[in-house]
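Descriptive analysis of the structure
Next come the chains, spelled out residue by residue.
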Amino acid sequence: MAKKRAGAKKRPAPEEFRSEALAQALEKQDMAAVALALRNGNTVVPLIKPGARDNPLDGGEVWTYRDPKSGDVALLLFSDATHKPANLPPGVGIYSPAWLKSFLTTHSDTITTVFLDIAGPHPMQAPPAELLKALDV
(Lines give C-alpha, C1' and ligand atoms only; values in the text may rest on other atoms or scores of the structure.)
Protein backbone atom coordinates (compact mmCIF):
# COMPACT_ATOMS: atom_id res chain seq x y z
CA MET A 1 0.00 0.00 0.00
CA ALA A 2 1.41 3.36 -1.01
CA LYS A 3 1.84 6.07 1.60
CA LYS A 4 0.22 9.44 1.13
CA ARG A 5 2.62 12.28 0.51
CA ALA A 6 3.06 14.64 3.42
CA GLY A 7 1.06 17.79 2.87
CA ALA A 8 -1.04 16.25 0.08
CA LYS A 9 -4.51 17.77 0.01
CA LYS A 10 -7.45 15.41 0.31
CA ARG A 11 -10.17 16.32 -2.16
CA PRO A 12 -13.52 16.82 -0.49
CA ALA A 13 -16.28 14.35 -1.26
CA PRO A 14 -19.15 15.81 -3.35
CA GLU A 15 -21.46 15.83 -0.33
CA GLU A 16 -18.97 18.15 1.41
CA PHE A 17 -19.37 20.74 -1.36
CA ARG A 18 -21.44 23.42 0.34
CA SER A 19 -21.62 27.18 0.81
CA GLU A 20 -23.45 27.86 4.06
CA ALA A 21 -23.52 31.63 3.40
CA LEU A 22 -25.13 31.12 -0.02
CA ALA A 23 -27.66 28.65 1.40
CA GLN A 24 -28.69 31.14 4.10
CA ALA A 25 -28.92 34.02 1.62
CA LEU A 26 -31.11 31.97 -0.72
CA GLU A 27 -33.33 30.95 2.18
CA LYS A 28 -33.93 34.65 2.94
CA GLN A 29 -34.28 35.45 -0.80
CA ASP A 30 -31.94 38.36 -0.11
CA MET A 31 -30.10 39.38 -3.31
CA ALA A 32 -27.60 41.54 -1.39
CA ALA A 33 -26.70 38.57 0.82
CA VAL A 34 -26.49 36.30 -2.25
CA ALA A 35 -24.08 38.79 -3.85
CA LEU A 36 -21.99 38.87 -0.68
CA ALA A 37 -21.93 35.05 -0.50
CA LEU A 38 -20.88 34.76 -4.15
CA ARG A 39 -18.16 37.42 -3.66
CA ASN A 40 -16.71 35.80 -0.57
CA GLY A 41 -17.32 32.07 -0.89
CA ASN A 42 -17.27 29.12 -3.19
CA THR A 43 -20.06 27.89 -5.43
CA VAL A 44 -21.01 24.35 -6.43
CA VAL A 45 -21.19 23.84 -10.20
CA PRO A 46 -22.36 20.75 -12.16
CA LEU A 47 -19.71 19.24 -14.41
CA ILE A 48 -20.00 17.25 -17.62
CA LYS A 49 -16.59 15.81 -16.92
CA PRO A 50 -14.76 16.16 -13.60
CA GLY A 51 -11.12 17.25 -13.69
CA ALA A 52 -8.29 14.74 -13.66
CA ARG A 53 -7.45 13.78 -10.07
CA ASP A 54 -3.72 13.96 -10.76
CA ASN A 55 -3.87 17.42 -12.33
CA PRO A 56 -4.81 20.25 -9.94
CA LEU A 57 -5.00 22.65 -12.91
CA ASP A 58 -7.81 20.61 -14.52
CA GLY A 59 -11.06 21.90 -13.04
CA GLY A 60 -13.29 19.82 -15.28
CA GLU A 61 -15.85 20.82 -17.89
CA VAL A 62 -18.79 22.92 -16.68
CA TRP A 63 -22.29 21.80 -17.65
CA THR A 64 -24.76 24.41 -18.89
CA TYR A 65 -28.38 24.02 -19.98
CA ARG A 66 -29.50 25.05 -23.47
CA ASP A 67 -33.25 25.49 -23.91
CA PRO A 68 -34.14 23.43 -27.01
CA LYS A 69 -36.91 25.86 -28.03
CA SER A 70 -35.22 29.24 -27.58
CA GLY A 71 -31.54 28.28 -27.62
CA ASP A 72 -31.00 30.29 -24.42
CA VAL A 73 -28.16 29.03 -22.24
CA ALA A 74 -28.37 28.90 -18.44
CA LEU A 75 -25.62 28.39 -15.90
CA LEU A 76 -26.75 26.47 -12.82
CA LEU A 77 -25.10 27.19 -9.48
CA PHE A 78 -25.79 25.45 -6.19
CA SER A 79 -25.28 26.26 -2.53
CA ASP A 80 -24.91 22.55 -1.80
CA ALA A 81 -24.11 19.52 -3.97
CA THR A 82 -27.10 17.74 -2.43
CA HIS A 83 -29.42 20.33 -4.05
CA LYS A 84 -28.29 19.36 -7.56
CA PRO A 85 -31.08 17.42 -9.29
CA ALA A 86 -30.27 13.77 -10.03
CA ASN A 87 -31.06 14.22 -13.74
CA LEU A 88 -28.02 16.51 -14.18
CA PRO A 89 -24.57 15.03 -14.83
CA PRO A 90 -23.27 13.41 -11.62
CA GLY A 91 -20.04 15.40 -11.33
CA VAL A 92 -19.71 18.61 -9.33
CA GLY A 93 -16.94 21.10 -8.79
CA ILE A 94 -16.51 23.82 -6.21
CA TYR A 95 -15.26 27.09 -7.61
CA SER A 96 -14.07 30.43 -6.26
CA PRO A 97 -15.56 33.88 -6.81
CA ALA A 98 -12.65 34.68 -9.19
CA TRP A 99 -13.53 31.63 -11.28
CA LEU A 100 -17.23 32.62 -11.39
CA LYS A 101 -16.39 36.15 -12.48
CA SER A 102 -14.01 34.88 -15.17
CA PHE A 103 -16.49 32.27 -16.42
CA LEU A 104 -19.38 34.73 -16.62
CA THR A 105 -17.17 37.31 -18.35
CA THR A 106 -15.83 34.80 -20.86
CA HIS A 107 -19.30 33.46 -21.68
CA SER A 108 -21.27 36.71 -21.35
CA ASP A 109 -22.37 36.52 -25.00
CA THR A 110 -23.74 32.99 -24.51
CA ILE A 111 -25.18 32.70 -20.99
CA THR A 112 -28.59 34.37 -20.76
CA THR A 113 -29.48 33.54 -17.14
CA VAL A 114 -28.07 32.03 -13.97
CA PHE A 115 -30.16 29.79 -11.73
CA LEU A 116 -29.22 29.32 -8.09
CA ASP A 117 -30.48 26.10 -6.47
CA ILE A 118 -32.94 25.66 -9.36
CA ALA A 119 -34.62 22.64 -7.75
CA GLY A 120 -34.87 24.31 -4.36
CA PRO A 121 -35.25 24.49 -1.55
CA HIS A 122 -34.96 28.26 -2.20
CA PRO A 123 -34.33 28.92 -5.91
CA MET A 124 -33.37 32.26 -7.38
CA GLN A 125 -32.61 33.48 -10.88
CA ALA A 126 -30.44 36.40 -11.98
CA PRO A 127 -29.06 37.80 -15.21
CA PRO A 128 -25.30 37.24 -15.62
CA ALA A 129 -24.71 41.01 -15.82
CA GLU A 130 -26.27 41.46 -12.36
CA LEU A 131 -24.02 38.76 -10.88
CA LEU A 132 -20.97 40.30 -12.54
CA LYS A 133 -21.82 43.66 -10.95
CA ALA A 134 -22.18 41.91 -7.58
CA LEU A 135 -18.79 40.22 -8.02
CA ASP A 136 -17.12 43.55 -8.88
CA VAL A 137 -18.19 45.42 -5.74
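Structure shown above.
These lines cover the structure that appears in this document, whether it is placed above or below. (Residues numbered from 1 in each chain as written. Predicted model: local features only at pLDDT ≥ 70, side-chain atom pairs only at ≥ 80, totals over all residues. Heavy atoms only, no water.)

Here we take up the sheet that holds strand β3 (residues 64-66). Here we have four strands laid out as an open sheet, ordered β3-β4-β6-β7, and mixed in their pairing. Each edge of the open sheet carries a strand with a single partner, namely β3 and β7 (124-126). In this sheet, adjacent strand axes meet at a mean angle of 25° when their direction is disregarded. As paired elements, strand β4 (residues 73-77) and strand β6 (residues 111-116) share five bridges and run parallel to each other. Its bridge partner being in β6, Ala74 is matched across the sheet by Thr113. Of the strands in this sheet, β4 and β6 are in contact with helix α3 (residues 97-106), which crosses β4 at around 175°. Its contacts with the sheet place helix α4 (residues 128-136) against β6 and β7, and it is angled at close to 65° to β6. (Pairing = 2+ DSSP bridges. Helix = DSSP H or I, 4+ residues; strand = E, 2+ residues; numbered from the N terminus. Axes fitted to C-alpha atoms, helices over the stretch in contact; angles between N-to-C directions. Contact = heavy atoms within 4.5 Å.)

Moving on: the pairing of strand β1 (residues 43-49). Taking burial as the measure, the seven residues of β1 include five buried ones, the bulk of the element. For β1 and strand β2 (residues 61-62), the ladder comprises two bridges, and the chain directions are antiparallel. Residue pairing across strands places Lys49 opposite Glu61, the latter belonging to β2. (Buried < 20%, exposed > 50% of the residue type's maximum accessible area, 1.4 Å probe, protein only.)

Moving on to unusual backbone geometry. With an omega of 15°, the peptide bond running from Gly120 to Pro121 counts as cis. At Gln29, a position not held by glycine, the phi torsion is positive, near 55°. In this fold, Gln29 is placed in the loop between α1 (20-28) and α2 (31-40). A positive phi angle, near 50°, is found at Asp117, a position not held by glycine.

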